[in-house]
Amino acid sequence: METANKTSITIENTVKAPVEKVWEFWTGPEHITKWAYASDDWHAPRAENDLRAGGKFLTRMEAKDGSFGFDFGGVYDDVKTNELIEYTIGDGRKVVVHFTKKGNETGIVSTFEAESTNPIEMQRGGWQAILDNFKKYVEAN
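Owing to the predicted nature of the structure, the values given are computational and were not obtained by experimental measurement.

Undergrad: Give me the overall build of the chain: which residues, what numbers.
TA: Scanning the chain for helices and strands turns up three helices and seven strands. Ordered by position from N to C terminus, the α and β elements of the chain give β-α-α-β-β-β-β-β-β-α. Relative to the globule expectation of 14 Å for 141 residues, the C-alpha radius of gyration of the chain, 15 Å, shows essentially globular dimensions. Overall, the chain is about 40 × 35 × 30 Å in size when its C-alpha atoms are taken along their principal axes. Each of the 141 residues in the chain was classed as buried or not, and the buried ones make up 40%.

Put into structure tokens, the structure is as follows:
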């Protein structure tokens, strides 16, 4: 299934909030713990974020019943406030997130390199569910 070329997956959404608020909620650890999970039976009990090129981030994601959990972390490669975040996940995969101001709304487009264990559609679905959860959290607050 995997070749020398890495498969990239893109997800996107439009959040009904100004880019400054979207950026704050995307990057603030106190907010990350409220949205960084794909379904209601999971949660993110802890988040750390040193938002700068070379800075590290870590979000702990766990099933609420304690049956499974993992650390999602890496290092920032580039950060442009309210516009762009590029990072490398701990396993070496690259992620690029673009934030686009659209009046009082913000477009978010995230492209990530797929891993080789799970099917592409499962990965897309999981990352999209987290992005959808983010949109729901921002728009409710």
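Don't stop here, the text continues.
Undergrad: Lay out the side chain of Asn133 with the relevant residues and their values.
TA: Locating Asn133 in the fold gives a position in helix H3 (residues 120-140). With a relative accessible area of 12%, Asn133 lands in the buried category. The contacts of Asn133, once residues within four sequence positions are left out, are Trp35 and Tyr37.

Undergrad: Let's hear about the packing of helix H1 (residues 19-27) against H3: which residues, and what values?
TA: Between H1 and H3, whose axes approach to 11 Å, the crossing angle comes to 120 degrees. Classed by the angle they form, the pair H1 and H3 counts as oblique. Of the two possible hands of crossing, H1 and H3 adopt the one that is right-handed. When H1 is examined against H3, the residues Lys21, Val22, Phe25 and Trp26 are found in contact with a partner set consisting of Leu131, Phe134, Tyr137 and Val138. Broken down by class, the residue content of the contact of H1 with H3 amounts to seven nonpolar, no polar and one charged.

Undergrad: Break down the nonpolar core for me, citing the residues and quoting the values.
TA: Within the largest apolar cluster, 34 residues are counted, with the highest numbers of intra-cluster contacts made by Trp26, Tyr87, Phe99, Ile108 and Phe134. Ranked by the residues each element gives to this core, the list is headed by H3, at six residues. For Phe134, the residues in contact, after removing those within four places along its chain, are Val15, Val22, Phe25, Trp26, Trp35 and Ile108.

The rules behind each value
- Residues numbered from 1 in each chain as written.
- Predicted model: local features only at pLDDT ≥ 70, side-chain atom pairs only at ≥ 80, totals over all residues.
- Heavy atoms only, no water.
- Helix = DSSP H or I, 4+ residues; strand = E, 2+ residues; numbered from the N terminus.
- Rg over C-alpha atoms; globule rule 2.2 N^0.38 Å.
- Buried < 20%, exposed > 50% of the residue type's maximum accessible area, 1.4 Å probe, protein only.
- Contact = heavy atoms within 4.5 Å.
- Axes fitted to C-alpha atoms, helices over the stretch in contact; angles between N-to-C directions.
- Parallel < 35°, antiparallel > 145°, perpendicular 65-115°, else oblique.
- Left-handed = near helix turned anticlockwise from the far one by under 90°.
- Nonpolar A, V, L, I, M, F, W, Y, C, P; charged D, E, K, R; others polar.
- Core = buried A, V, L, I, M, F, W, Y, C linked by side-chain atoms within 4.5 Å.

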